[in-house]
Amino acid sequence: MRKLTNSEQNKIKVLTKHQVPFTLIEPTETGLKKSIMDATGAVRNFLEKENIHNYELQLQGPKNKVLMPAVIYEESRIIKSKASLYRPLTKNGDPRIWFYGLSNFAEPNDIVAIIHFDDWFRIFNLTQMDVEGLISSSIGNPLKELILEINTTENEVALELLAMLRKIAGTGPIPSLVDADTSVGRTLETALGIDINSSKQPDYKGIELKSFRGKRNNRKNLFAQVPDWKLSKFKSSQEILDAFGYHRGDDFKLYCTVSAITQNSQGLSLKLDSDIDQLIENSNNSDIGDFAVWTLDKLHNRLQEKHKETFWVEADSIYKDGKEHFQYKLVEHTKKPITSQFDLLIDQGIITLDHLIKRNSKGKVVEKGPLFKINPKGIELLFPPSERYALI
């Protein structure tokens, strides 16, 4: 795709601000004449990520062409269309996409925005259309109505959860269920009726809940992810424990934080290798060296999977009759982490890794991590601008 103009970039910012999932495509002069466009990597990724279409599962040839409903947006009207997705018998079956009637609304090398909402493709000419003016207009128009509808749908679950949190907060301080650092989260999830489990999926209808005590400036959990054992020198958490663990009471354990900017007391540190897209854990013991590997793709996917949308819930810790209570008071609402920032924040020591491995008196090895955690100041660097809601 050609370089976007400043005007086109500003229009993209407007769509992003309004939480609109979209992708872009650039029809060529030949493509407009022949009614054909290459489904670029960005388009294919968008279709697959939004569970719309997967070209890798599509067979070649006209008989396997997929037609889907579409609408083309102009400033004051919409025109019904169809989307054609197929792989030809020639040219190795390179993926193709076309929107019927597009030649009437686009010039060669215009940038066309593709949205998929309510089972329909919604497309418009990003280059030619006054996106910001239409969305902010006091006069109704098709594009504004679409964006408002997407906004409402995108925020429906968040508003539902926010109402539930405000109801819980309105009852006053809630007694802690357990005496542990994790009690602030477990107590809230129980009050919401959420089962306490180790699922990697977000907690409430696609929204992840992360609760914390407001007066503590502790790092916040992002996600847990074991290394890629096939790529690693050590092939299990037990091997890591055996190499670096220490005795505490009846347990043999490795509870430590590992950073890219300093070695910890076990001589462990992280390093990014951008050439091969890997995060590597290293020991200063020359006989061991690099011993654990994570692919950056896997870490990025876990981040997006876990934090597509997150409520970071702040609580005051209050003691009554010697028992901790929680007054939930504030929510920071984040969406769609910027995965490229994840690498930078690892490199800067703002995101770190915690090992939580132990062998109990019965010889069983338990691994609660490794947990990737972020310094509180890093939240605004990892996510686009967030919304904050008072609960009381």
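Residues numbered from 1 in each chain as written. Predicted model: local features only at pLDDT ≥ 70, side-chain atom pairs only at ≥ 80, totals over all residues. Heavy atoms only, no water.

Peer 1: Would you explain the overall build of the chain in this entry?
Peer 2: A tally of helices and strands in the chain yields 10 helices and 21 strands. In the chain, which comprises 392 residues, the proportion classed as buried is 47%. Across the chain, every contact between residues at least 6 apart in sequence was considered, and the portion connecting residues at least 24 apart equals 63%. By element, 47% of the accessible surface of the chain is carried by carbon and sulfur atoms, the whole surface being about 20600 Å². (Helix = DSSP H or I, 4+ residues; strand = E, 2+ residues; numbered from the N terminus. Buried < 20%, exposed > 50% of the residue type's maximum accessible area, 1.4 Å probe, protein only. Contact = heavy atoms within 4.5 Å. Areas by Shrake-Rupley, 256 points an atom, 1.4 Å probe, with all protein chains shown as cover.)

Peer 1: How do you make sense of helix H8 (residues 296–306) when you look at a structure like this?
Peer 2: Among the residues of H8, those classed as buried are Leu296, Leu299, His300, Arg302, Leu303 and Lys306. Looking down the long axis of H8, one finds its buried residues gathered within 160 degrees of arc, a one-sided arrangement. (Arc of directions from axis to C-beta.)

Peer 1: When you look at unusual backbone geometry in this model, what are you seeing that I'm missing?
Peer 2: Leave glycine aside and you will find that most residues have negative phi; peptide bonds, for their part, are mostly trans. For the peptide bond that leads from Gly369 to Pro370, omega is -5 degrees, which places it in the cis range. Relative to the helices and strands, Pro370 is located in the loop between strand S19 (365–367) and strand S20 (371–374). At Lys205, a position not held by glycine, the phi torsion is positive, near 50 degrees. Assignment of secondary structure puts Lys205 in the loop between helix H6 (183–191) and strand S9 (208–213). Judged by its relative accessible area of 56%, Lys205 falls in the exposed class. For Asp277, which is not glycine, the phi dihedral falls at a positive 55 degrees. The topology assignment puts Asp277 in the loop between strand S13 (268–273) and strand S14 (278–283).

Peer 1: Could you clarify how one ought to interpret the packing of aromatic side chains in this entry?
Peer 2: For any pair of aromatic rings, the description rests on two quantities: the centre-to-centre distance and the angle between the ring planes. By the definition in use, this model includes 11 aromatic pairs. Seen in terms of ring centroids, Phe244 and Phe291 are 5.0 Å apart; in terms of plane orientation they differ by 45 degrees. Their pairing is tilted. In this pair, Phe244 sits in helix H7 (residues 237–244) while Phe291 sits in strand S15 (residues 290–295), placing the two residues 47 residues apart along the sequence. Centroid distance Trp312 to Phe383: 6.2 Å. Interplanar angle 70 degrees. Geometry classified as edge-to-face. In this pair, Trp312 sits in strand S16 (residues 309–320) while Phe383 sits in the loop between helix H10 (379–382) and strand S21 (387–390), placing the two residues 71 residues apart along the sequence. Residues Trp312 and Phe383 agree in their burial class; the two are buried. Over the aromatic face of Phe212 sits the side chain of Lys220, whose NZ or CZ is 4.1 Å from the ring centroid. The side chain of Lys253 reaches across the aromatic face of Tyr255, ending 4.3 Å from its centre. (Phe/Tyr/Trp six-rings, centres within 6.5 Å; stacked < 30°, edge-to-face > 60°. Lys NZ or Arg CZ within 6 Å of the ring centre and 35° of its normal.)

Peer 1: Please explain the sheet that holds strand S6 (residues 112–117) as it appears in this structure.
Peer 2: Adjacent strands of a sheet pair through backbone hydrogen bonds, lying either parallel or antiparallel. Read from one edge of the open sheet, 7 strands run S1-S6-S7-S3-S4-S5-S2, paired in mixed fashion. At either end of the open sheet lies a strand with only one pairing partner, and these are strand S1 (23–25) and strand S2 (37–38). Two elements, strand S3 (residues 66–73) and strand S7 (residues 120–125), share 4 bridges in a ladder whose sense is parallel. Pairing of Ala70 across the sheet is with Phe121, part of S7. This element, helix H3 (residues 41–49), spans S1, strand S4 (78–86), strand S5 (96–99), S6 and S7 of the sheet and lies at about 145 degrees to S1. The strands that helix H5 (residues 142–170) touches are S3, S4, S6 and S7; relative to S6, the one it contacts most, it runs at about 45 degrees. (Pairing = 2+ DSSP bridges. Axes fitted to C-alpha atoms, helices over the stretch in contact; angles between N-to-C directions.)

Peer 1: How should I be thinking about the nonpolar core in this particular structure?
Peer 2: The nonpolar side chains of a soluble globular protein tend to be buried with one another. If you look at the biggest cluster of nonpolar residues, it comprises 34 residues, and the most contacted ones within it are Leu222, Phe342, Ile351, Phe372 and Leu382. Looking at this core element by element, the count peaks at 4 residues for strand S12 (residues 251–258). Ignoring any residue separated from it by four or fewer positions in sequence, one finds Leu222 in contact with Lys210, Leu303, Lys306, His307, Trp312, Phe342, Ile351, Phe372, Lys373, Ile374 and Leu382. With 24 residues, the next largest nonpolar core counts Ile25, Leu85, Ala106 and Phe121 among its residues. (Core = buried A, V, L, I, M, F, W, Y, C linked by side-chain atoms within 4.5 Å.)

Peer 1: I'm lost on helix H9 (residues 339–347) in this one. Help?
Peer 2: An α-helical segment advances 3.6 residues per turn. Residues three or four places apart therefore align on the same side. Burial in H9 covers these residues: Thr339, Phe342, Asp343, Leu345 and Ile346. All buried residues of H9 fall inside an arc of 165 degrees around its axis, so they share one side. Within two residues after H9, Gly349 carries a phi angle of roughly 75 degrees, on the positive side.

Peer 1: Honestly, the environment of Asp38 in this entry has me stumped. Any pointers?
Peer 2: Here Asp38 lies in strand S2. For Asp38, a relative accessible area of 48% puts it in the partly exposed group. On a C-alpha basis, the gap between Asp38 and Glu26 in space is 9.2 Å, while along the polypeptide they are 12 residues apart. In contact with Asp38, other than residues within four places in its own chain, are Ile25, Pro95, Arg96 and Ile97. A distance of 2.9 Å separates the side chain of Asp38 from the side chain of Arg96, its partner in a polar contact. (Polar contact = N/O pair within 3.5 Å; in protein donor to acceptor, adjacent residues only side chain to side chain.)

Peer 1: For this particular structure, what's the right way to read a negative patch on the surface?
Peer 2: Taken together, Asp118, Asp119, Glu145 and Glu149 make up a surface patch of like negative charges. One can find Asp118 in the loop between S6 and S7. The class of Asp118 is exposed, set by a relative accessible area of 52%. (Patch = residues over 30% accessible without salt bridge, like charges linked within 9 Å, V, L, I, M, F, W, Y side chains within 5 Å. Salt bridge = Lys/Arg side-chain N within 4 Å of Asp/Glu carboxyl O. Lys, Arg positive; Asp, Glu negative; His and termini not counted. Charge placed at Lys NZ, Arg CZ, Asp CG, Glu CD.)

Peer 1: Teacher, can you tell me more about the pairing of S5 here?
Peer 2: Along any regular strand, the residues point their side chains to alternate faces of the sheet. Of the two faces of S5, both are covered, the one formed by Arg96 and Trp98 as well as the one formed by Ile97 and Phe99. Sheet topology places S4 next to S5; 4 bridges connect them, and they run antiparallel. The partner of Ala83 across the bridge, within S5, is Phe99.

Peer 1: Is there a simple way to explain the environment of Phe342 in this structure?
Peer 2: Within the fold, Phe342 resides in helix H9. Once the C-alpha coordinates of Phe342 and Leu381 are considered, the two residues, 39 residues apart in sequence, prove to be 8.9 Å apart. Here Phe342 is in contact with Leu222, Phe223, Leu299, His300, Leu303, Ile351, Phe372 and Leu382, once residues within four sequence places are set aside.

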